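Below are the chains, spelled out letter by letter.
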Amino acid sequence: MKTTLRTDITVKDICDGFVYNELEGKGLYGLSGTLTIQPEYQRNYIYADGKKDVAVIDSVLRNYPLGLIYFNKLKDGRLEVLDGQQRITSLGRYVTGKFAIKDANGMPQYFGALATDLQERILNTKLLIYECEGEESEIKEWFRTINIAGIPLNAQELRNAVYSGPFVTLCKAEFSNSQNANVQKWSAYIAGAVNRQDYLERALEWVSGGKVESYMSNHRFDNNINEVKAYFNSVIDWASGVFPEVENEMRGLEWGRLYEKYHHQAYNPKEIWKKVKELYADSYVKNRKGIFEYVLGGCVDTKLLEIRLFDDATKKSVYAKQTNEAKEKGVSNCPYCAIGNDNNRTKIWVLKDMDADHVTAWSKGGTTDISNCQMLCKSHNRAKGNK
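Here the structure is a predicted model, which means the values were calculated and not measured.

## Overview of the overall build of the protein
Looking only at helices and strands, the protein has 17 helices and 11 strands in total. The globule rule puts the C-alpha radius of gyration for 387 residues at 21 Å, and the 31 Å found for the protein is more than 25% above it. Taken over the C-alpha atoms alone, the protein extends approximately 95 × 50 × 40 Å along its principal axes. For the protein, with 387 residues in total, the buried portion stands at 45%. Contacts in the protein between residues at least 24 apart in sequence constitute 63% of all its contacts with a sequence separation of at least 6. As displayed, the protein has an accessible area near 19800 Å², and 49% of this comes from carbon and sulfur atoms. On the protein, the mean spot of the 52 positive side-chain charges and the mean spot of the 50 negative ones are 5 Å from each other.

Take a look at the structure:
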């Protein structure tokens, strides 16, 4: 790969012809239309938080270095930003009046209201830019390397870079667009940020069964994302149909896996939600996120709920009572061993070799208190299973 250091390009040059798409949250073009600021392998613009974007402008005004910027020089002579699009977009957005900074008195100052000398200081700032020329594989590998520092690319942002093309472009327009009217509905089920590709990653994980890279590679040059959209909407519609209301714990569940496992079954949404609310009100349930799969699975797998266990004081008290009674009768202090016919029928187990168990299973209405506690040897407790 060939690199050339450029020190003749100023902020004014970069911002000549700057175009920013507010809907998609991306800088599009600059440098009189010859520079593509956010090629498809780049992440979305994430500096628009009133801190990072302002820090870029403050750095320029204080004559602090902005660091190296890398351009990829294409075969037709056009340029695209390889690294530095967050800084360049911040500069372009400020110069074109998209946000304000605060002066020494805490008053907001848009670019057009700045003193002339401060405007000139920004516009005349020269940038340190390396122009890189090479094959696509070289450029993509360099892109990975230079993005190790700073705010690192997450897994999906890297995938978007590696498999850039019409498929990724369409996917990002649908699932990485914070202005999409469906995002509010989706956010009940998906955790993360739209502009950090979390929604897109979930969509691809669901449709591919977790084989995201293979799926993106096979569909890289597709001109539609119909399959992704259809499957994604099927999952969301199924989840919202089975559970007629939403709870915070629903956000971020493995809805794709749950859909594959349970969507062929018929459910009564009213009964399902009634059971969900009962479990939410149960003080013994420790893991509320597990409630939804527990209900979908017919309320069988109590491990999903992490039912509150007996405390040490209760275990010691019950152990002492059982052990004393067992010694008087000449039988094992494990009730199940005591009724058996093997050598353990009279064995007195030490506390560390026993587990606390619900006499009446929690799933059948048993409570987690001393009146419903018994100590079993570990083998019998594990065999008993359902707590």
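Back to the write-up after that little detour.
## Thoughts on the pattern of salt bridges
Applying the stated criterion across every chain yields a total of 21 salt bridges. Of the charged contacts in the structure, one is a salt bridge between Lys261 and Glu293, with a shortest N-O distance of 3.8 Å. Of this pair, Lys261 sits in helix H12 (residues 255–262) while Glu293 is found in helix H14 (residues 291–296), placing the two residues 32 residues apart along the sequence. Judged by its relative accessible area of 13%, Glu293 is buried. Salt bridges linked by common partners bring Arg159, Glu201, Arg202, Glu205 and Glu213 together as one network.

## Concerning unusual backbone geometry
For Asn63, which is not glycine, the phi torsion reads 65° and is therefore positive. The phi dihedral of Cys299 is positive, around 60°, even though this residue is not glycine. Within the secondary structure, Cys299 is located in the loop between H14 and helix H15 (312–329). Look at Cys299 and you get partly exposed, because its relative accessible area is 26%.

## Looking at the packing of helix H6 (residues 155–162) against helix H9 (residues 198–208)
Relative placement of two packed helices is described by the angle separating their axes and the distance separating the axes. Direction vectors running N to C along H6 and H9 enclose 75°, while the axes themselves pass 9 Å from each other. On the basis of the axis angle, H6 is roughly perpendicular to H9. Contact with H6, carried on its side by Ala155, Gln156, Arg159 and Asn160, involves Leu200, Glu201 and Leu204 of H9 and no other residues of that element.

## Considerations on the packing of aromatic side chains
Under the definition given, this model contains 20 aromatic pairs. When the ring of Phe243 is compared with that of Trp255, the centres are 6.0 Å apart and the planes differ by 65°; the resulting orientation is edge-to-face. Placement of Phe243 in the loop between helix H11 (226–242) and H12 and of Trp255 in helix H12 is noted, with a sequence separation of 12 residues between them. We note that Phe243, like Trp255, is buried. A centroid spacing of 6.3 Å and a plane angle of 65° characterise the contact between Tyr280 and Phe292, whose relative ring orientation is edge-to-face.

## Observations regarding the pairing of strand E9 (residues 129–133)
In the sheet, strand E1 (residues 2–6) pairs with E9 via five bridges, with the strands oriented antiparallel. Directly across from Leu5, in E9, lies its bridge partner Tyr130. Across four bridges, strand E5 (residues 69–73) lies against E9 in parallel orientation. Across the sheet, residue Phe71 finds its bridge partner in E9, namely Glu131.

## A look at the state of the cysteines
Scanning the model with the defined rule gives zero disulfides in all. With no disulfide of its own, Cys334 has Cys337 as its nearest cysteine by sulfur position, at a separation of 3.7 Å.

## Remarks on the pairing of strand E6 (residues 79–83)
With five of five residues buried, E6 is to be regarded as a mostly interior element. Bridge count for strand E4 (residues 35–36) against E6 is two bridges, and the pairing is parallel. Of the residues in E6, the one forming a bridge with Leu35 is Leu79. Pairing of E5 with E6, which is carried by four bridges, proceeds in the antiparallel orientation. Paired with Tyr70 across the bridge in E6 is Asp83.

## A word on the environment of Asn324
Looking at where Asn324 falls in the secondary structure, it is placed in helix H15. Along the primary structure Asn324 and Ile348 are separated by 24 residues, whereas in three dimensions their C-alpha atoms are 9.9 Å apart.

## A word on the environment of Gln374
When you line up the elements, Gln374 lands in strand E11 (residues 373–377). For Gln374, a relative accessible area of 12% corresponds to the buried category. Sequence separation between Gln374 and Asp357 is 17 residues, and the spatial gap between their C-alpha atoms is 5.3 Å. Residues contacting Gln374, with those up to four places away along its chain left out, are Val318, Gln322, Pro335, Tyr336, Asp355, Ala356, Asp357, His358, Val359 and Lys384.

## Quick word on the packing of H9 against H11
At a minimum axis separation of 9 Å, H9 and H11 run at an interaxial angle of 95°. Judged by the inter-axis angle, H9 sits roughly perpendicular to H11. Touching Tyr199, Ala203, Leu204, Trp206 and Val207 of H9 are Glu227, Val228, Tyr231, Phe232, Val235 and Ile236, all from H11.

Cut-offs and rules
Residues numbered from 1 in each chain as written. Predicted model: local features only at pLDDT ≥ 70, side-chain atom pairs only at ≥ 80, totals over all residues. Heavy atoms only, no water. Helix = DSSP H or I, 4+ residues; strand = E, 2+ residues; numbered from the N terminus. Rg over C-alpha atoms; globule rule 2.2 N^0.38 Å. Buried < 20%, exposed > 50% of the residue type's maximum accessible area, 1.4 Å probe, protein only. Contact = heavy atoms within 4.5 Å. Areas by Shrake-Rupley, 256 points an atom, 1.4 Å probe, with all protein chains shown as cover. Lys, Arg positive; Asp, Glu negative; His and termini not counted. Charge placed at Lys NZ, Arg CZ, Asp CG, Glu CD. Salt bridge = Lys/Arg side-chain N within 4 Å of Asp/Glu carboxyl O. Axes fitted to C-alpha atoms, helices over the stretch in contact; angles between N-to-C directions. Parallel < 35°, antiparallel > 145°, perpendicular 65-115°, else oblique. Phe/Tyr/Trp six-rings, centres within 6.5 Å; stacked < 30°, edge-to-face > 60°. Pairing = 2+ DSSP bridges. Disulfide = S-S within 2.5 Å.

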